[in-house]
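Working through the structure, step by step
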Amino acid sequence: MSVISIVSSLYSIRKHYVTLHDMVATHSTVRVTVCRGSEELEEIFSTDLVPGDIMVIPLNGIVMPCDAVLISGTCIVNESMLTGESVPVTKTNLPNPSVDIKGAGNEIYSPETHKRHTLFCGTTVIQTRFYTGELVKAVVVRTGFSTSKGQLVRSILYPKPTDFKLYRDAYLFLLCLVAVAAIGFIYTIVNSILNEVEVKEIIVESLDIITITVPPALPAAMTAGIVYAQRRLKKVGIFCISPQRINICGQLNLICFDKTGTLTEDGLDLWGIQRVENTRFLLPETNVCNKMLVKSQFVACMATCHSLTKIEGVLSGDPLDLKMFEAIGWILQEATEEETALHNQIMPTVVRPPKQLLPEFTPTANQEMELFELPANYEIGIVRQFPFSSALQRMSVVTKVLWDKKMDAYMKGAPEVIASLCKPDTVPADFEKVLEKYTKEGFRVIALAHRKLESKLTWHKVQNVNRDTIENNMDFLGLIVMQNKLKQETPAVLAALHNADIRTVMVTGDNMLTALSVARDCGMILPQDKVIIAEALPPKDGKVAKINWHYADTVSQCSSSSAIDSEAIPVKLAHDSLEDLRVTRYHFAMNGKSFSVIQEHFQDLVPKLMLHGTVFARMAPDQKTQLVEALQNVDYYVGMCGDGANDCGALKRAHGGISLSELEASVASPFTSKTPSISCVPNLIREGRAALITSFCVFKFMALYSIIQYFSVTLLYSILSNLGDFQFLFIDLAIILVVVFTMSLNPAWKELVAQKPPSGLISGTLLCSVLSQIIICIGFQSLGFFWVRQQPWYEQWHPQSDACNTTGGLYWNSSHSDNVTEHDEHNIQNYENTTVFFISSFQYLIVAIAFSKGKPFRQPCYKNYSVCTKSVAYNYAYHCCCQCPCVFPGGGKHFRCSDDYLAVLGFLAT
C-alpha cells in the first residue's frame, strides 16, 4: 500500500510537470501568418516571431503564441488559461489617436492599461470580426517568458522559497546527530587501536557508526506521512501538486477569502431596479420586462451597455451582463459576414424588444397606407463600445435608434463613479442614503446614466472619439440592484475556523459596503464588533499624504460624528484597554487605493493594520498578492482561497493556496478543490496538522532509532563485538521500515481545535520528550549489558567458545546436523550481543508507541489497525526468540542465534 501511494504521488507530480511543459510548448509548433516589410503575407513558425511583427489573426481562431495588440478588427477571446474566468471577453482594436483628440497623441501603450486591446499569450481567440478587404491584424509586443503566460510559467518553475521552521530545525537536529557520530567515530578508532584491531576493520567499523547515527532513510520516512495525507485529500476531492505544502498547511492561522464565487454564489440575480425621474428615486420595481418601460432610457441602457456576443448562436459574456439582458427579454442580433461585406464596414450589433412588448399599430377603417408610412420596428444599434475597465470602474456605449437623427451615450458602473460623471442636478439628494441601504443589505448595486449626443457627431467621428469626451455631463437614470447570495456552507465553515482560532480575511474587488455586509452576514465580523474604515489620501498639490479614520456605521464619511481622532487609532491597534478588548473587537477595512497609499507612505502602520484588518475591498490582482506578503511579514501562515479569477498571484504567494476552479489557472495553486466550496479549507488544515504531527513523530522516532542503535553498537564495540548482518537486516526491514510506514497511517482528527501544533523541533516540550526517551533507553541497555555479565552461567567470549550452546541444539536445516563448533571470528555469538539486541528491538517498538501522538490532531493508535496487527506479530516473534539459549540457557528448544533471526524475519515477511 505504501509503495502504491508513493507511485501515485510521483505520478501526480509527473503529470503536473507534463501539464506545465505542455503549457510552455503548446505554441512552439504553431504556424502563423505575418506581414513583414512589404504587404505580402508569409507563414512562419511561432518560435520565429519577434516584437514588431504584424500577425494576422485567422477567422477560425487561434491559441495566441505571443502577446499582441489589435490594430484592426475585433476578437472574442477566452482568457480562462490566465485568469480562471471562463467568460469570453471582447477585444477591440487599439484606438487610432487623431489630432483633434486632446492628449491622445502622447499616450504610451501598456499591456496592463490597454488590456482590452491586447491578445495575451495562451488565450484562445474564438472568433473574429473584420472590415471587408482588411484582415484582423495585431502587432507582436512580447514573446517567450516576457509574455503574461511566460511570467506565470516562470513563477511556477521558480517559486519563492518556502521558509518553514520544521525544516530549519531538522537541519540543526541532523547537525547534532553528526556531532554525536563524530564522537562515536573517534571513540571507535581509539578503542580499536588500543585493542590492536586491523586497519581494515577500524575503517569499516568507524564508518559504520556514522551511517548508523545519521539515518539515510530519514527523508523517505518523513515523506510517508505526506504521501498518506495527499491520498486522503484526494479522496475528499482536493488535489495537490506541491506535497511539501501539506505540512505547512498544518500551521495556517489566517485564511484570505475572495468574495464572489467563494463566499457567495458565483452568479448574480436581478433583485430589482430603482429609476430616477425629476431628480427623485421612484419606488423599487422588480418586473423590468413590461410594455410601460420598453422604450424608456433606463431599459435602453440595460439592453445596450454590455459586452455580450453570440458564439455559435448562444449568448455569452459577463454573468452580470447576461442576467441584466435576460431580465428585459430583448433580442440581440449580430451582423453576418455578408452584411459586413455589403456595407464595407463592421455593421453594429442590433438589439430590439420582442414584438409582444411593442404597442400594436392598428390603422383606422378604410385607411390605406403607403409602404414608407408603415411603422418600423424599434431597434437600437450599438455603434461604439468602450469596454469595462477595472481602473475606471465603468463602461459605456454609443448607440443609435433606428430612424433617429442623433446618437445616444449610455454608461454603467460603480454608483459613486457614475454619479460623479453626471450633472449634479440629475442626481437625487438622497443618493448616498439609498446606496447605503442596499449595500448594507449585501446587494450589488450598478448605476446607469444617459446622454444625448450632438448631431455633429457622425458615425466616422464616433469611431475615433476619446471615451472621456463621451463619459461626462450625463443624466443619472437610476440603480440596478443585483443579489449575490451566500453559499449555504459559508457561515458554518467560518464558524469552525473561528472556533479553531484561525483568522479570516475578505479580499474582494467589490464595493466596500457590500463587502462589509457580506462579512457580517457570514459571521466574519460579529454583530457587536466595530468596523473602522481607513481612507488614505495620496500627496496632492503640495499636501502630504494622510489617513482619515471613520466608523463604517454611516456613509457620510466626512461627518464629524463618524470621524475618529487619528491620535486614538494607535491605542485601539495596541489594545491598551483590556476591558475594552473583551467587550468590543475592532476591525479595519480599506480599499485598494488606500492600501497602496498606506504601504507607500505609512509603512510603520502596515503591521498594525495587518493584525486587525478584516475587509479589503476594490483590490486589484497585484494588490491581493501584496496583501498576502504583508500578512506573511507579520509572521502569519497565510492561506488563500479563491475561484481562480484574478487570484492567481495571491494563490501562488500564500503558504497554502486553494483554487476552487479546475481550469488551467489552477496550475498556479498548490491545491485545487474539485467542489467549488470553502468546506475544503478545514479539511486541508486538518490533514495538514495530521501530516505535520506525523512528520514530528517520524522524525523523533528516526532520531531515537539512530541513538538506540548507536548506543547498542558502541556498547558492543567496547568488547570488540558488533551486531550481525542478519540482526541489522531484521532491525531495518522487519522493525523500522514496517513501523515507520504504519505509524504514519493515523488519519486526521475529525474536527479543528484551537490548539496549534508545534512549528519546530527546537522547543522545550519536544526536546524534553526526546531527551527523556534517550536517557531511559540508554539506561535499560546499560542495565541489561552489565546485568547479564553478573549471571552465574555467563561465559566470556573467545573465538572458539560455545557460549550460545550451539552444539547441542535443534537446527532449522540438516546442514547444521553435525555437532561442530563454528569459528566465530567477529564475536557475534555472545550473551551481550543477544541481550542488547532484544532490549533494543523492543525499545524501537516502545518509542514508536510513545511518539505516536493522537488527539487532538490525529486519530489514536488503536484505530490504526496496521499498527495493532504488527504489534501482535512482534509479540509472537518475542516468544519465539525467547527460546534462544543466549538469554535462557538450558531451554527446552535451542536455536542458533543467526538462524533464529532468519526464522523471525521469515515469519514477519509471511
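Per chain, residues are indexed from 1 in the order of the written sequence. Per-residue local features of the predicted model are confined to residues with pLDDT of at least 70, and side-chain atom pairs are confined, for both listing and counting, to 80 or more; whole-chain, interface and lining totals are unaffected and use all residues. In computing side-chain values, all of the structure's heavy atoms are included and hydrogens and water are not.

For clarity, the cut-off: UniProt positions are given in the numbering used here, feature names are shortened, and annotations may be inferred rather than shown by experiment.
Named according to an unreviewed UniProt entry, the protein chain is Polyamine-transporting ATPase 13A3 originating from Trichechus manatus latirostris. Checking UniProt for the protein chain, the heading Sequence similarities (unreviewed entry) contains the comment "Belongs to the cation transport ATPase (P-type) (TC 3.A.3) family. Type V subfamily."

Brief notes about the UniProt feature "transmembrane region" (unreviewed entry) in the protein chain
Applied cut-off: Helix numbers and strand numbers start at the N terminus; a helix is a DSSP run of H or I with at least 4 residues, a strand a run of E with at least 2.
The UniProt feature table records "transmembrane region" (unreviewed entry) at residues 170-189, 209-229, 696-720, 726-749, 761-788 and 834-851. Segment residues 834-851 splits into 100% helix and 0% strand. End C-alpha atoms: 26 Å apart.

A look at the packing of aromatic side chains
Put simply, the rule reads: Stacked, tilted and edge-to-face are the three classes applied to pairs of Phe, Tyr and Trp rings, where Trp contributes its six-membered ring and a pair requires centres within 6.5 Å; stacked means planes under 30 degrees apart, edge-to-face means over 60, and tilted covers the rest.
This structure, assessed with the given rule, holds 14 aromatic pairs. Each ring, one from Trp330 and one from Tyr378, has its centre 6.0 Å from the other, and the planes form 80 degrees; the classification is edge-to-face. With Trp330 in the loop between helix 9 (319-328) and strand 17 (331-333) and Tyr378 in the loop between strand 18 (349-352) and strand 19 (380-389), this residue pair connects regions lying 48 residues apart in the sequence. Between Tyr705 and Tyr844 the ring centres are 5.8 Å apart and the planes differ by 65 degrees, which places this aromatic pair in the edge-to-face class. Of this pair, Tyr705 sits in helix 23 (residues 680-717) while Tyr844 sits in helix 26 (residues 831-851), placing them 139 residues apart in sequence.

Brief notes about the sheet that holds strand 10 (residues 137-142)
Let me state the cut-off plainly: Following DSSP output, two strands are said to pair if at least two bridges run between them.
Taken in spatial order, the six strands line up as 2-1-3-10-5-8 in an open sheet, and their pairing is antiparallel. At either margin of the open sheet sits one strand with a lone partner, and together these are strand 2 (41-45) and strand 8 (118-119). Looking at chain direction, strand 1 (residues 31-35) and strand 3 (residues 54-56) are connected through three bridges and run antiparallel. Bridge assignment links Cys35 to a residue of strand 3, and that residue is Ile54.

Considering the confidence of the model for the protein chain
Threshold: Per residue, pLDDT captures the predictor's confidence, and it can take any value from 0 to 100. Residues count as neighbours in contact if any of their non-hydrogen atoms are within 4.5 Å of one another.
Here the protein chain averages 77 in pLDDT, while 75% of its residues score no lower than 70. The lowest-confidence element of the protein chain is helix 28 (residues 897-909), averaging 40 in pLDDT; the highest-confidence one is strand 12 (residues 254-257), averaging 94. Low confidence marks residues 99-103, where pLDDT is under 50. Its contacts with residues over four positions away, or in another chain, come to three contacts. Below pLDDT 50 for its whole length, residues 364-375 participates in four contacts with residues either more than four positions away or in separate chains.

Examining the pattern of salt bridges
For clarity, the threshold we go by: Between Lys or Arg on one side and Asp or Glu on the other, a salt bridge is scored when a side-chain nitrogen of the former is within 4 Å of a carboxyl oxygen of the latter. We call a residue buried when its accessible area falls under 20% of the maximum for its residue type, exposed when it is over 50%, and partly exposed in between, using a 1.4 Å probe and counting protein chains only.
Applying the stated criterion across every chain yields a total of 17 salt bridges. Put simply, Glu687 and Arg232 hold a salt bridge, and the shortest N to O gap is 2.9 Å. With Glu687 in helix 23 and Arg232 in helix 6 (residues 218-235), the pair connects residues that are 455 residues apart, well separated along the chain. Exposure remark for Arg232: the relative accessible area of 15% places this residue in the buried category.

What to know about helix 26
Owing to its 3.6 residues per turn, the α-helix aligns residues three or four sequence positions apart on the same side. This is how the line gets drawn: For a helix, the expected span equals 1.5 Å multiplied by the number of residues minus one. Whenever a nitrogen or oxygen atom comes within 3.5 Å of another N or O atom, the pair is scored as a polar contact, on the condition that within protein one atom can donate a hydrogen and the other can accept it, and that pairs from neighbouring residues in sequence are kept only if both atoms are in side chains.
Helix length check: helix 26, at 21 residues, gives a terminal C-alpha distance of 30 Å against a target of 30 Å (1.5 Å per residue), a fit within 8%. Of all 21 residues that make up helix 26, 16 are buried, and the element is covered over most of its length. Residue Asn830 occupies the N-cap position of helix 26, its side-chain oxygen lying 3.2 Å from the main-chain nitrogen of Glu832.

A short note on the pairing of strand 25 (residues 530-537)
Two elements, strand 25 and strand 28 (residues 586-591), share four bridges in a ladder whose sense is parallel. Among the inter-strand pairings, Val531 is bridged to a residue of strand 28, identified as His587. With six bridges connecting them, strand 25 and strand 26 (residues 546-551) associate as antiparallel partners. Each bridged residue has a counterpart across the sheet, and for Ile532 the counterpart in strand 26 is Tyr551.

Side note on helix 23
Along its 38 residues, helix 23 runs 54 Å from first to last C-alpha, staying within 8% of the 56 Å computed at 1.5 Å per residue. Counting buried positions along helix 23 gives 37 out of 38 residues, so the element sits mostly inside the fold.

Observations concerning unusual backbone geometry
Backbone geometry at Thr279 places phi at a positive 60 degrees, although glycine is not the residue there. Mapped onto the elements, Thr279 comes out in the loop between strand 13 (269-277) and strand 14 (280-281). Owing to a relative accessible area of 33%, Thr279 belongs among the partly exposed residues under this scheme. One non-glycine residue with positive phi stands out, namely Arg618, at about 50 degrees. Examined against the element boundaries, Arg618 turns out to sit in the loop between strand 29 (613-617) and helix 21 (621-633).

Description of the environment of Ser46
Relative to the helices and strands, Ser46 resides in the loop between strand 2 and strand 3. We classify Ser46 as buried; its relative accessible area is 5%.

Remarks on the packing of helix 19 (residues 592-601) against helix 21
Just so we agree on the cut-off: The convention used is that axes are lines fitted to C-alpha atoms, helices contributing only their stretch in contact, and that angles between N-to-C directions extend from 0 to 180 degrees. Angular relationships are summarised with four words: roughly parallel below 35 degrees, roughly antiparallel beyond 145, roughly perpendicular across 65 to 115, and oblique for the angles in between. The crossing is said to be left-handed when, going from far helix to near helix, the turn is anticlockwise and less than a right angle, and right-handed when the turn is clockwise.
Following both chains from N to C, one finds helix 19 and helix 21 inclined at 50 degrees, their axes separated by 11 Å at the closest point. The angle between helix 19 and helix 21 places the two elements in the oblique class. At the point where helix 19 passes helix 21, the crossing takes the left-handed sense. Between helix 19, through Gly592, Lys593, Phe595, Ser596 and Gln599, and helix 21, the contact on the second element is made entirely by Gln623, Gln626, Leu627 and Ala630.

Examining the nonpolar core
Applied cut-off: Only buried residues count toward a nonpolar core. Its members are Ala, Val, Leu, Ile, Met, Phe, Trp, Tyr and Cys residues joined through side-chain atoms within 4.5 Å.
In this structure, Phe701, Met702, Ile736 and Val740 are the most contacted members of the largest nonpolar core, which totals 58 residues. Among the secondary structure elements, those contributing two or more residues to this core are helix 4 (165-194), helix 5 (199-213), helix 6, helix 23, helix 24 (725-743), helix 25 (764-788) and helix 26. The biggest single contributor to this core is helix 23, with 19 residues. Those residues in contact with Val740, other than ones at most four positions away along the chain, are Ala221, Val698, Phe701 and Met702.

What about the side chain of Gln781?
As for its placement among the helices and strands, Gln781 is situated in helix 25. Taking relative accessible area as the criterion, Gln781 reaches 1% and is therefore assigned buried. Only 2.7 Å separates the side chain of Gln781 from the side chain of Ser712, close enough to count as a polar contact. At 3.1 Å, the side chain of Gln781 forms a polar contact with the side chain of Gln843. With sequence-adjacent residues up to four places away left out, Gln781 is seen in contact with Ile708, Phe711, Ser712, Leu715, Val836, Ile839, Ser840 and Gln843.

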